[in-house]
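Single-letter residue listing:
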Amino acid sequence: MTALALEGVSHAYFGRTVLDRVKLDVRDGEIVSLVGPSGCGKSTLVHIAAGLIEPQRGRVANGYRRHGMIFQEHRLLPWATAEDNIAYPLRLAGVRCNARRARARAAADLVHLDRRDLEKYPVELSGGMRQRAAIARALVVEPDFVFFDEPFTALDVALKRQMQDLVIAAARQARFAGLFVTHDLAEAVRVSDRIVVLDERVRGIAGERFLSRPQGERDDAFVFATVQAFLNEDPLFAHIHDTNERRAS
Amino acid sequence: MGQVLLDRMGRLGRFLWSGWVGVAGLALFSAVWQIGHEAYGDFILPSPIATFHATAELLRAEETWRLARATSTRAIQGFALTAFLGGVLGLAVGYSAAAMRLARPLLTIIMGVPPIAWIVLAMIWFGSTSGTVLTTIVVAGFPLVFANVAEAVATRDRALEEMAKAFGAGPLQRLWTVVMRHVAGQYFPALAVALGSAFKVAVMAELLANIDGIGVALAMSRSNLDVAQSIAWVVVIVTAIFMVEYGVVQPIRAELERWREAARPWGVKR
């Protein structure tokens, strides 16, 4: 079954075409990473897939029931406590107050967010705890698809690793599919089943690589070796660290 | 639930305790007043205690309460109208950049016309009725409330709105759960100012248009050269503003601004 299908999606900003007839399928339970240089349209693509941007051409077909989303910044409501923030999607869905509380707490447990911190406002939480709350907010609806828009870019290395482990564990437990935007190849190798490379010169997908080992068995040595192999030997990854996003095209 | 109640009681207690600072300020003010009284004599500036007696005497009279009620009713009606119009139109205009650009020069014009001119115009349109007072109050308070709300809407956090959209919020839900909370942060401070101006403008309009209320009473004590009574009327007005401000506006604001309180570092909290 296909959880998400993008068919001939095109998008342009001020006449500059970023994505041109992109086609991408994500199967049920599969996590696909989108990597590529800055400005290649990875974020745009995930925003289109999540329904936040209307594509100029093409269509998005989704086969999932509910989705969650995690952004680069935590995007918590500053005036609501952590618990109310986690329960926010349920509030939108019209879930009753008591049920909301119980489910928010369960989601908070899933990301190891302390019960005592649930009463606090985002300003009182540390960066890691905020991002945990943001992950819990995405998981609280029990999604079968999760959009990740560079979720851990702003975190330090140790925290980033913890958050990746959280996502890996949650994905295995809840069996959701996902689209994971990142510019960190090691992160992509750790969390995903398939890596899709976007390139601004082809204005879309340049190619894709499947990861051989199942997710539970990838240790640091495997991640390191895979990243090195991709960067040094695979021509597909030759341009992913280009940074000239302002280049006129 | 008990925790929430306790928390609320704690905040109320802290609020009441902070009243001592207010009392200290008032005591200082009275002291300076007393010095002025001793320097200039009874006629120019009656002593605080004489004013206090005059106020007490006023408060005992049935007529005072009737006048205070009349003025307060007009002020609160005008204030409610200002809050409603400013809020709704500000919200509508804030969403549209074009409307915002159109509104700016209009606001400048409205604010540029002196309030006294508005009173004269309103007197011509409505005569010596409550309509004159209401019009003047709205004209005086509306630009402030309107501009604050429109500005708040224009500077709303689009990232949060996008987040809400990602979790399936429709336009109305986004307005209610994200934009309104952001706007409230600027709406209530503006309302507090508008409330003060509503009472002041009400008295001024009553005085000039000769409409039954505290304004007229003030004019009468002026023509009787009764300075103590004039000041006593001012005290009555200030008390009315004080009651509405701390009885209605501040509690609502405090409830909505709890998270800002939480953001303040230790030691700055009170």
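Please refer to the structure higher up on the page.
Conventions adopted
Residues numbered from 1 in each chain as written. Chains lettered and ligands numbered in written order. Predicted model: local features only at pLDDT ≥ 70, side-chain atom pairs only at ≥ 80, totals over all residues. Heavy atoms only, no water. Phe/Tyr/Trp six-rings, centres within 6.5 Å; stacked < 30°, edge-to-face > 60°. Helix = DSSP H or I, 4+ residues; strand = E, 2+ residues; numbered from the N terminus. Expected span 1.5 Å × (residues − 1). Bend = angle between axes of the 7 residues up to and from the residue. Contact = heavy atoms within 4.5 Å. Buried area = accessible area lost by both parts, 1.4 Å probe. Salt bridge = Lys/Arg side-chain N within 4 Å of Asp/Glu carboxyl O.

Quick look at the packing of aromatic side chains
Moving on, step 1. By the definition in use, this model includes 11 aromatic pairs over all chains.
Moving on, step 2. Each ring, one from B:Phe242 and one from B:Tyr246, has its centre 4.8 Å from the other, and the planes form 35 degrees; the classification is tilted. Of the two residues, B:Phe242 and B:Tyr246 are both situated in helix α11 (residues 227–256); the distance of four residues between them amounts to about one turn of the helix.
Moving on, step 3. Site record: aromatic cluster; members linked through ring pairs are A:Tyr64, A:Phe145 and A:Phe147.

Regarding α11(B)
Moving on, step 1. Relative to the 44 Å expected for 30 residues at 1.5 Å per residue, α11(B) spans 42 Å between its end C-alpha atoms, a close match to the ideal helical length.
Moving on, step 2. B:Glu245 marks where α11(B) bends most, by close to 35 degrees.

As for the side chain of B:His37
Moving on, step 1. If you trace the backbone, B:His37 turns up in helix α2 (residues 19–44).
Moving on, step 2. Dropping the residues within four chain positions of it, B:His37 is found in contact with B:Asp42, B:Leu45, B:Pro46 and B:Ser47.

Let's talk about the side chain of B:Thr51
Moving on, step 1. Its place among the elements puts B:Thr51 in helix α3 (residues 48–60).
Moving on, step 2. Contacts of B:Thr51, omitting those with residues within four sequence positions, involve B:Trp33, B:Pro46, B:Ala228, B:Ile231 and B:Ala232.

A closer look at the interface of chain B and chain A
A common way to report how large an interface is uses the accessible area buried once the components associate.
Moving on, step 1. The interface of chain B with chain A comprises 19 residues on the first partner and 21 residues on the second.
Moving on, step 2. Regarding the contact of chain B and chain A, the summed buried area is about 2000 Å², with carbon and sulfur atoms giving 68% of it.
Moving on, step 3. Among the residues chain B hides against chain A, the three largest losses belong to B:Met163, B:Phe167 and B:Trp259. Together they make up 35% of the total.
Moving on, step 4. Counting the contacts that link chain B with chain A gives one salt bridge.

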